[in-house]
Number of protein chains: 2
Amino acid sequence: MVTPLLTDLYQFTMAYAYWKAGKHLDRAVFDLYFRKNPFGGEFTIFGGLEECIRFIANFKITEDEIKFLRSVMPTCEDGFFEYLSSIDCSDVEVYAIHEGYVVFPKVPLMRIEGPVAVVQLLETPFLSLVNYASLVTTNAARHRLVAGKSKNLLEFGLRRAQGPDGGISASRYSYMGGFDATSNVAAGRLFGIPIRGTHSHAFVSSFMGLDEITDKALISSDGSSKCEDFVSLVQNWLIKIKDSSSLGGTFGETNQSELAAFTSYALAFPNSFLALVDTYDVMRSGVPNFCAVALALNDMGYKAVGIRLDSGDLAYQSAETRKFFHAIEKDFGIVGFGQMNITASNDLNEETIDALNKQGHEVDAFGIGTYLVTCYAQAALGCVFKLVEINKQPRIKLSEDVTKVSIPCKKKCYRLYGKEGYPLVDIMTGEDEPGPKIGERLLCRHPFIESKRAYVVPQHVEELLKCYWPGNSSNSREELPSLYEIRSRCIQHLDWMRPDHMRRLNPTPYKVSVTAKLYDFIHFLWLNEAPVGELQ
Amino acid sequence: MVTPLLTDLYQFTMAYAYWKAGKHLDRAVFDLYFRKNPFGGEFTIFGGLEECIRFIANFKITEDEIKFLRSVMPTCEDGFFEYLSSIDCSDVEVYAIHEGYVVFPKVPLMRIEGPVAVVQLLETPFLSLVNYASLVTTNAARHRLVAGKSKNLLEFGLRRAQGPDGGISASRYSYMGGFDATSNVAAGRLFGIPIRGTHSHAFVSSFMGLDEITDKALISSDGSSKCEDFVSLVQNWLIKIKDSSSLGGTFGETNQSELAAFTSYALAFPNSFLALVDTYDVMRSGVPNFCAVALALNDMGYKAVGIRLDSGDLAYQSAETRKFFHAIEKDFGIVGFGQMNITASNDLNEETIDALNKQGHEVDAFGIGTYLVTCYAQAALGCVFKLVEINKQPRIKLSEDVTKVSIPCKKKCYRLYGKEGYPLVDIMTGEDEPGPKIGERLLCRHPFIESKRAYVVPQHVEELLKCYWPGNSSNSREELPSLYEIRSRCIQHLDWMRPDHMRRLNPTPYKVSVTAKLYDFIHFLWLNEAPVGELQ
């Protein structure tokens, strides 16, 4: 689906104007970066690199596509379309930060060099591949940070994602950002993400009563025995619970269609019984019905997994459910029943998980959909793709808004680490400047604000931009790691950050800087290009 | 990409549990609907139907997919997978409101009937196809309402869309909702949407000066003459503007790389010259440079198109630019120059267009990206898919939140029109109830709130749910109209609505109701299913 035509028309009209002016082969350098961290935070995770590299590896405009372009741009000369059908990305170089890294505003995530007309054609697809990927990966990582490492995080967003492929990308990058599993079968198949899911409310309400269950037999877990009437076994357990010392009187008649649905589901999946308990009433029907089925399964040597809550007060309900489970463990001596898994999944997001944490809850796993995949709190990252050099001439894009001024020059980027092992600052240098050295004091300047600068003595220096597509250069090419490896790297990198950059409330901005030499050059170029105003 | 595996795992685990219980062929009816209009408004546009119908027309699980499902559900019996590989949608019936219609909460957009296991497998893909499509169509329609009919609306969102396919869907449904064109070449090719685009800031800053232009010749529009040095013609015009009676002294030296870029672009596209004028300074460089090139083109018989503003105060800049254009028209007697097109495109949305309208502006066309395609103001619609009947037995889904209780029964839905021709109310009836009749007084009840009811004497009655997939029924099938036809229908329907439902500030809710008979039945079923609480 991601073909060279998945781009803005102006990339092709510009290509024609370049070609017509004989400038199409001018060697250009573009930076892809973002200007502001999303979600009110002070960090971002870089996602989408692999998809960009695969895109340029296959970049070729087909005859059919050329034919369509001719119809859209009927005044363009034949020679241009011949040129278009000849191009590929063999002469393009791509340097990028590793996918899954923690990244910051203004520092190029990717530096793309090549013939200006070709690189310009990459702008829209690259932005389209990186923007949402980085946004949702960051969103997932933020959910992981607030939920904590011990909780299971499940991505349930396919139905609310922005289109089918939005759903697939959401699953992929939620996993990258630290989720454990997805409900999306296609994403599981494509990317090897663990898949989870049990049943919905419709399954529960599709049953009318226990007499619908005709095949009532269940063979025990070890195959040694057979219960001919599992339904009666469940019913007996329900009576025992109702009459038990701790739970007697806490509930009356439970919903029988729900009980039938649970029993049926257990007969189908005795090894992985997990029930959605809020179709009628959690504490007066769903949880007692679940426990009756779980105890019957226990008799047959199976261990139920747990329950899912999908509405109401999750803090209260999870705590009440946990008490119920503990009472079962105590009254019937079923070791471990108190630890039964509780999954929650009702319009959850960072805020609600944070609120649940503050109230106290007994949830073991969170299923998160809409707010995760649509990035509801901030639906776009706003990556840009700016020309910084052409034919070795540095270029700058001015703006009345200082935050929108681009940082000119083909640059190198370094991450400097301090004594405690945390990253301290990212610094950009001109391409030919010597890189920062371990133990050597270096002045780091804010690119635009004169007064903001600091000396740093790095204990470790990491060059950030690695060669992912060497083009005709002799640089060796970085391998594309697996999704699982990128995910592990992302989790590790989040751990390495100083906690005050990562906290939800008033996080400390991470410093992004330029060398003194680059600072001076930026401001020389800026003054040079900006017209002097005249007040009248 | 939209295959049967693009679904939540629980649809397959439920299918197995149904199959295992011998219930998989039970005839079920599901309603697909939403609960609340988006963007603080009181209307929604239905989009995504065609994609749903194409999906079920091709619904078939391949051998490879079955193999994957076996690996995910290793405890399931072989017979189930044989069943899965046999299913298609030949026994499914789909009734739907026409795509592009104005629709309201609680009224089913689609009613899907068929074997419960199969229909359940359609839930996630259908929701995934309808949710975003309807949301972005509605968003586009809202932008059209605030911009007014005379403005050109251009969708520029591909780079900020949620993934590549999000971009394609956004272009398709923005057009459906009333946009005029897109920048997305692939969407233009797939759906026949008009495509627009000129050049970016990078194009402007890629030029260093006029000496870069080597081929300076331009043949006149009618082919009768040739200007050997178009660059000098442009430079001469710039001097004339600078010395003109109205404009002399309003600007000094313009940026020469910008002038070179504009001249180059005009040489490439003399028939459609439109320039982005804010790379350096709109009034002191961009607009004068544009006018010099436009006047030179005029000498050669070409008519420039206009300018694009992409930053700053758009109300002020567009007004100043318009004054400049009028001054050119007056000083040089170029008839029509004052009406030159002004396009604006800087992070625009409904609010900013509304604010521009209030301030007064001279913008002719709006290019809208991020806020349109990500539906930034509300990133999800929240359509649901609820079981309302199985084996002819009505089913209800309860919830502590009344707005989440489903309306049971297989239903028919009607739109009733009043004397002035406006739609007055949508009403749902049981399947076997007689439909509303023209001129006959009918009681319309709110489905949940006892006190809300009204008598209506409809002047026109429209049955809303049409047969789009007859399955084994004898109903005839509605044709799928073209995107252009759906767009026209959408624009027309928006016109037909009473204006107070459509206004931005405090719109009047449109009434959605049930018949007295259906009301009574809902509340009977509700009481029947809900357990009675016991306060302790």
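Residues numbered from 1 in each chain as written. Chains lettered and ligands numbered in written order. Predicted model: local features only at pLDDT ≥ 70, side-chain atom pairs only at ≥ 80, totals over all residues. Heavy atoms only, no water.

Student: I tried to follow the overall build of chain A on my own but got confused; where do I start?
Tutor: When helices and strands are tallied, chain A shows 17 helices and 22 strands. Taking the principal axes of the C-alpha coordinates as reference, chain A spans close to 85 × 55 × 55 Å. Sequence separation of 24 or more characterises 73% of the internal contacts of chain A that already satisfy a separation of 6 or more. The distance from the centre of the 55 positive side-chain charges to the centre of the 64 negative ones in chain A is 5 Å. (Helix = DSSP H or I, 4+ residues; strand = E, 2+ residues; numbered from the N terminus. Contact = heavy atoms within 4.5 Å. Lys, Arg positive; Asp, Glu negative; His and termini not counted. Charge placed at Lys NZ, Arg CZ, Asp CG, Glu CD.)

Student: Could you clarify how one ought to interpret the sheet that holds strand S11 (residues 306–309) of chain B in this entry?
Tutor: Sheet strands pair via backbone hydrogen bonds, and the direction of the pair is either parallel or antiparallel. Taking strand neighbours across the sheet as the criterion, the six strands line up as S7-S6-S13-S12-S11-S10 (chain B) in an open arrangement whose pairing is parallel. Each edge of the open sheet is held by one strand with a lone partner, namely strand S7 (181–182) and strand S10 (274–276) of chain B. (Pairing = 2+ DSSP bridges.)

Student: I tried to follow the interface of chain A and chain B on my own but got confused; where do I start?
Tutor: The interface is formed by 109 residues belonging to chain A together with 110 residues belonging to chain B. When the area that chain A buries against chain B is broken down by residue, the three leading residues are Arg159, Gln162 and Arg189 of chain A, summing to 9%. The tally of links between chain A and chain B comes to six salt bridges. Note that Lys23 of chain B is salt-bridged to Glu212 of chain A, the shortest N-O span being 2.7 Å. Inspection of the chain A/chain B interface yields 40 residue pairs in polar contact (both at pLDDT 80 or more). Top element by residues in the side of chain A that touches chain B is helix H1 (residues 9–20) of chain A. It accounts for 10 residues. For the side of chain A that touches chain B, a count of residues per class yields 49 nonpolar, 37 polar and 23 charged. (Buried area = accessible area lost by both parts, 1.4 Å probe. Salt bridge = Lys/Arg side-chain N within 4 Å of Asp/Glu carboxyl O. Polar contact = N/O pair within 3.5 Å; in protein donor to acceptor, adjacent residues only side chain to side chain. Nonpolar A, V, L, I, M, F, W, Y, C, P; charged D, E, K, R; others polar.)

Student: Can you walk me through the domain arrangement of chain A in this structure?
Tutor: If you check the domain split of chain A, you get domain 1 (9–140 + 378–529) and domain 2 (198–363). Of note, the centres of domain 1 of chain A and domain 2 of chain A, computed from C-alpha atoms alone, are 51 Å apart. (Domains from an automatic or database assignment.)

Student: What is the right way to read the environment of Ile66 of chain B from this model?
Tutor: Along the chain, Ile66 of chain B turns up in helix H3 (residues 63–72). Owing to a relative accessible area of 4%, Ile66 of chain B belongs among the buried residues under this scheme. (Buried < 20%, exposed > 50% of the residue type's maximum accessible area, 1.4 Å probe, protein only.)

Student: I would appreciate a short explanation of unusual backbone geometry in the present structure.
Tutor: Where the residue is not glycine, phi is negative for most of them; where a peptide bond is considered, it is trans in most cases. All names here are of chain A. Positive phi outside glycine occurs at Asn391, with the angle close to 45 degrees. Note on placement: Asn391 falls in the loop between strand S14 (384–390) and strand S15 (393–394). With a phi angle near 85 degrees, Cys409 is a residue other than glycine that sits in the positive phi range. Mapped onto the elements of the fold, Cys409 is located in the loop between S15 and strand S16 (411–417). Judged by relative accessible area, Cys409 falls into the buried class, the value being 10%.

Student: What is the right way to look at the UniProt feature "domain: Nicotinate/nicotinamide phosphoribosyltransferase" (unreviewed entry) in chain A in this model?
Tutor: In the numbering adopted here, UniProt assigns the feature "domain: Nicotinate/nicotinamide phosphoribosyltransferase" (unreviewed entry) to residues 305–404 of chain A. Secondary structure within residues 305–404 of chain A divides into 33% helix and 21% strand; the distance between the first and last C-alpha atoms comes to 52 Å. (UniProt positions renumbered as here; feature names shortened; annotations may be inferred.)

Student: Help me understand the nonpolar core, please; the structure alone is not making it clear to me.
Tutor: Considering soluble globular proteins, one finds that nonpolar side chains tend to be buried as a cluster. One finds Met110, Phe230 and Phe290 of chain A together with Met110, Phe230 and Phe290 of chain B to be the most contacted residues of the largest nonpolar core, which totals 360 residues. Those residues within four positions of Met110 of chain A in sequence are excluded, and the remaining contacts are Phe30, Asp31, Leu32, Phe46, Leu49, Cys52, Val94, Tyr95, Ala96, Phe126 and Val130 of chain A. Core analysis: the second largest hydrophobic core is formed by eight residues, Leu416, Leu442, Cys444 and Val456 of chain B among them. (Core = buried A, V, L, I, M, F, W, Y, C linked by side-chain atoms within 4.5 Å.)

Student: Quick question: what am I supposed to make of the relation of the copies chain A and chain B here?
Tutor: Each copy superposes on the other: chain A lies on chain B with an RMSD of 0.1 Å after a rotation of 180 degrees and an axial shift of 0.0 Å. In symmetry terms, the pair is related by a two-fold rotation axis. Most of the interface of chain A is mirrored in chain B, where 100% of its interface residues are also at the interface. (Least-squares fit on C-alpha atoms with pLDDT ≥ 70 in both.)

Student: Just to check I follow, could you spell out the pairing of S11 of chain B for this structure?
Tutor: On any regular strand, side chains alternate: one points to one face of the sheet, the next to the other face. All names here are of chain B. Note that S10 and S11 share three bridges and pair parallel. Paired with Ala275 across the two strands is Ile307, which belongs to S11. Of the crossover connections in this fold, the one passing from S10 over helix H11 (residues 282–299) to the parallel S11 is right-handed. As paired strands, S11 and strand S12 (residues 341–344) are joined by four bridges and run parallel to one another. Bridge assignment links Gly306 to a residue of S12, and that residue is Asn341. (Right-handed = clockwise from strand over helix to strand, strands pointing away.)

Student: What should I look at first to understand the side chain of Arg308 of chain A in this one?
Tutor: Looking at where Arg308 of chain A falls in the secondary structure, it is placed in strand S11 (residues 306–309). Arg308 of chain A sits in the buried class, given a relative accessible area of 9%. In this structure Arg308 of chain A touches Phe156, His199, Leu274, Ala275, Leu276, Val277, Thr343 and Ser345 of chain A together with Tyr10 of chain B, once residues within four positions along its chain are discounted.

Student: Teacher, can you tell me more about the sheet that holds strand S1 (residues 27–33) of chain A here?
Tutor: All names here are of chain A. The strand order across the open sheet built from six strands is S15-S14-S1-S5-S3-S21, with neighbouring strands paired in antiparallel fashion. Looking at strand neighbours, the two that pair on one side only are S15 and strand S21 (466–469), the edges of this open sheet. One ladder, built from two bridges, connects S14 with S15; its direction is antiparallel. Bridge pairing links Ile390 to Gln393 in S15. Where helix H2 (residues 49–57) meets the sheet, its contacts fall on strand S3 (93–96), strand S5 (110–115) and S21, and the angle it forms with S21 comes to roughly 45 degrees. (Axes fitted to C-alpha atoms, helices over the stretch in contact; angles between N-to-C directions.)

Student: Help me understand the UniProt feature "domain: Nicotinate phosphoribosyltransferase N-terminal" (unreviewed entry) in chain A, please; the structure alone is not making it clear to me.
Tutor: In this numbering, the UniProt entry assigns the feature "domain: Nicotinate phosphoribosyltransferase N-terminal" (unreviewed entry) to residues 5–131 of chain A. Note that residues 5–131 of chain A is 44% helix and 17% strand, and that its end C-alpha atoms are spaced 18 Å apart.

Student: Even after reading the chapter, I still don't get helix H4 (residues 78–86) of chain B, so can you show me in this structure?
Tutor: Side chains of residues three or four places apart in an α-helix project in the same direction, reflecting 3.6 residues per turn. All names here are of chain B. Those residues of H4 lying buried are Phe80, Phe81, Tyr83 and Leu84. The buried residues of H4 occupy an angular sector of 155 degrees when the element is viewed end-on, so they sit on one face. Contact partners of the buried residues in H4: helix H1 (9–20), H3 and helix H5 (116–147). (Arc of directions from axis to C-beta.)

Student: So what exactly am I meant to see when it comes to the pattern of salt bridges here?
Tutor: Pairing is possible between side chains of opposite charge, provided their charged atoms come close. Residues and elements named next belong to chain B. Tallying each qualifying case throughout the model produces 66 salt bridges over all chains. The closest approach of N and O atoms between Lys20 and Glu77, which form a salt bridge, is 2.6 Å. On the criterion of sequence distance, the pair formed by Lys20 in helix H1 and Glu77 in the loop between H3 and H4 is long-range, its members being 57 residues apart. The partly exposed category is assigned to Lys20, whose relative accessible area is 29%.

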